[in-house]
Protein chains: 2
Amino acid sequence: MSDTNKTPTTDLREGEVSNGSSVSPDVVVQFIGTIRTPFSTRDQCPRQGRLDGPECRLELLPHWQAALDGIEAYDHLDVLYWLHQSRRDLVLQSPKGKGKTVGTFALRSPVRPNPIGLSRVRLVRQEGPVLVVRGLDCLDGTPLVDIKPSRCEFTPKAPPKDADRM
Amino acid sequence: MSDTNKTPTTDLREGEVSNGSSVSPDVVVQFIGTIRTPFSTRDQCPRQGRLDGPECRLELLPHWQAALDGIEAYDHLDVLYWLHQSRRDLVLQSPKGKGKTVGTFALRSPVRPNPIGLSRVRLVRQEGPVLVVRGLDCLDGTPLVDIKPSRCEFTPKAPPKDADRM
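Residues numbered from 1 in each chain as written. Chains lettered and ligands numbered in written order. Predicted model: local features only at pLDDT ≥ 70, side-chain atom pairs only at ≥ 80, totals over all residues. Heavy atoms only, no water.

**A look at the sheet that holds strand β8 (residues 116-127) of chain A**
All names here are of chain A. An order of β3-β4-β9-β8-β5-β10 is seen for the six strands of this closed barrel, with the pairing classed as antiparallel. Across the sheet, the axes of successive neighbouring strands diverge by a mean angle of 45°, strand direction being ignored. Two elements, β8 and strand β9 (residues 130-134), share five bridges in a ladder whose sense is antiparallel. Paired with L123 across the two strands is V133, which belongs to β9. (Pairing = 2+ DSSP bridges. Helix = DSSP H or I, 4+ residues; strand = E, 2+ residues; numbered from the N terminus. Axes fitted to C-alpha atoms, helices over the stretch in contact; angles between N-to-C directions.)

So, in structure tokens, the structure goes:
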């Protein structure tokens, strides 16, 4: 595994706090593919993806390609990815340009206990094992973790269960 | 680790397809707490959480509590959790009540290569290391993976970067 938890208690900005704990390996994530974006350095990444941003590519591994069946019915997808360059120990962070510290869960910073990025993207088209989308903000080469129809337009394929009518 | 990949090629409904591959351990997830819901069996879980659904509790582990600092400024949060009872090998699924098979990434089914659930919830209140929220659909005891301010109302704490103005 190529997992990282770099410099757990060093390289802190003023006010930042690490909990000093090492990563507890509770479960494993398997990458399902790779994301291709025009952003090759962190400075090039926008702070939030835009639905009218540049085209990016979700390249699925061959053994997951069939799992895309039916996805073209959706205009918007939730994409999860692994922010593989992020440290994982900070509880308080000092975002650039602010003197203030903020809790990690009150930020969408890539630095978090599980560095999973989440973007709602627009599906432009499918090209075999590749989805072309707009709305991502991550580095070129970011590992892909999951793709789901975006909830706001998702209608379950099964009838409601009794619990839904409670 | 208590990770699961149960019965990779057995117990398939008609039309369902497993890719037969075992889980590749690329990176590890560390649980940050536990979710408490009124749903103790799968049949009790609604198919989608509702923002006017019952109150649920996100119970943070003590060493992550400080990372909640500032979260009460947000009304809506994105919550990620680990659907720990799900198999991970299906590429095509046959949802109950439909004769049709659909690709895993065209469903929000808990069965997926990385069984990470995602719900947008309403923050009701904070009680120390616990967030009380509405909008979840998962089993009581589900492991908690991440909490983020919901993007639709999230304003970055730092000024826009040059890349945002491109």
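**Details of the sheet that holds strand β1 (residues 17-18) of chain B**
Adjacent strands of a sheet pair through backbone hydrogen bonds, lying either parallel or antiparallel. Residue and element names in this part refer to chain B. As summarised here, the arrangement of the three strands in space is β1-β6-β7, forming an open sheet in which the pairing is antiparallel. Both outer strands of the open sheet, β1 and β7 (102-103), are each paired with one neighbouring strand and no more. Note that strand β6 (residues 90-93) and β7 share two bridges and pair antiparallel. Each residue of the ladder has a partner; that of L92, found in β7, is G103.

**A word on the interface of chain B and chain A**
At the junction of the two partners, chain B supplies 77 residues and chain A supplies 77 residues. Taken together, both faces of the contact between chain B and chain A bury some 7,200 Å²; the carbon and sulfur share is 57%. Viewed at the interface, chain A and chain B are joined by four salt bridges. Measuring nitrogen to oxygen at the nearest pair gives 2.8 Å for the salt bridge that ties R112 of chain A to D146 of chain B. At the junction of chain B with chain A, the criterion picks out 32 residue pairs in polar contact (both at pLDDT 80 or more). Put simply, the parts of the chain that give the side of chain B that touches chain A at least two residues each are β2 (27-29), β5 (76-82), β6, β7, β8 (116-127) and β10 (142-149) of chain B. (Contact = heavy atoms within 4.5 Å. Buried area = accessible area lost by both parts, 1.4 Å probe. Salt bridge = Lys/Arg side-chain N within 4 Å of Asp/Glu carboxyl O. Polar contact = N/O pair within 3.5 Å; in protein donor to acceptor, adjacent residues only side chain to side chain.)

**Structural notes on the pairing of strand β4 (residues 55-60) of chain B**
All names here are of chain B. Covered by surrounding structure in β4 are C56, L58 and L60 only, the residues E55, R57 and E59 on the alternate face being uncovered. Examined bridge by bridge, strand β3 (residues 33-36) and β4 share four bridges and lie antiparallel to one another. In the strand pairing of β4, R36 is matched with R57. By the bridge criterion, five bridges tie β4 to strand β9 (residues 130-134) in an arrangement that is antiparallel. Considered in β9, the bridge of E55 is made with R134. (Buried < 20%, exposed > 50% of the residue type's maximum accessible area, 1.4 Å probe, protein only.)

**Structural notes on the confidence of the model for chain A**
All names here are of chain A. This prediction gives chain A a mean pLDDT of 87; 85% of its residues lie at or above 70. Note that residues 154-160 has pLDDT below 50 and, in this model, 20 contacts with residues that lie over four places away or in other chains. Taken together, the stretch residues 162-166 has pLDDT below 50 and engages in eight contacts with residues farther than four places along the chain or on a different chain. For this predicted complex, the interface confidence score (ipTM) comes to 0.87, while the overall pTM stands at 0.88. (pLDDT = per-residue confidence, 0-100.)

**With respect to the environment of L139 of chain A**
Residues and elements named next belong to chain A. With respect to the helices and strands, the residue L139 is situated in the loop between β9 and β10 (142-149). Using a relative accessible area of 14% as the deciding quantity, one classes L139 as buried. L139 sits 99 residues away from S40 along the chain, and the two C-alpha atoms are 5.7 Å apart. If we skip the residues at most four places from it in the chain, L139 touches I35, T37, F39, S40, T41, R42, C45 and Q85.

**Considerations on the pairing of β8 of chain A**
Residues and elements named next belong to chain A. Alignment of strand β5 (residues 76-82) against β8, held across seven bridges, turns out to be antiparallel. Among the inter-strand pairings, D78 is bridged to a residue of β8, identified as R120. Between β8 and β9, which follow one another and run antiparallel, lie two residues, and G128 among them has a positive phi close to 65°.

**Overview of the pattern of salt bridges**
Applying the stated rule across the entire model yields 24 salt bridges over all chains. With a closest N to O distance of 3.0 Å, R50 of chain A and D52 of chain A form a salt bridge. A salt bridge links D89 of chain B to R87 of chain B; the shortest N-O distance between them is 2.9 Å. With respect to class, D89 of chain B is no different from R87 of chain B; both count as buried. Linked by salt bridges that have partners in common, R36, E55, R57, E59, R125, E127, R134 and D140 of chain A make up one network.

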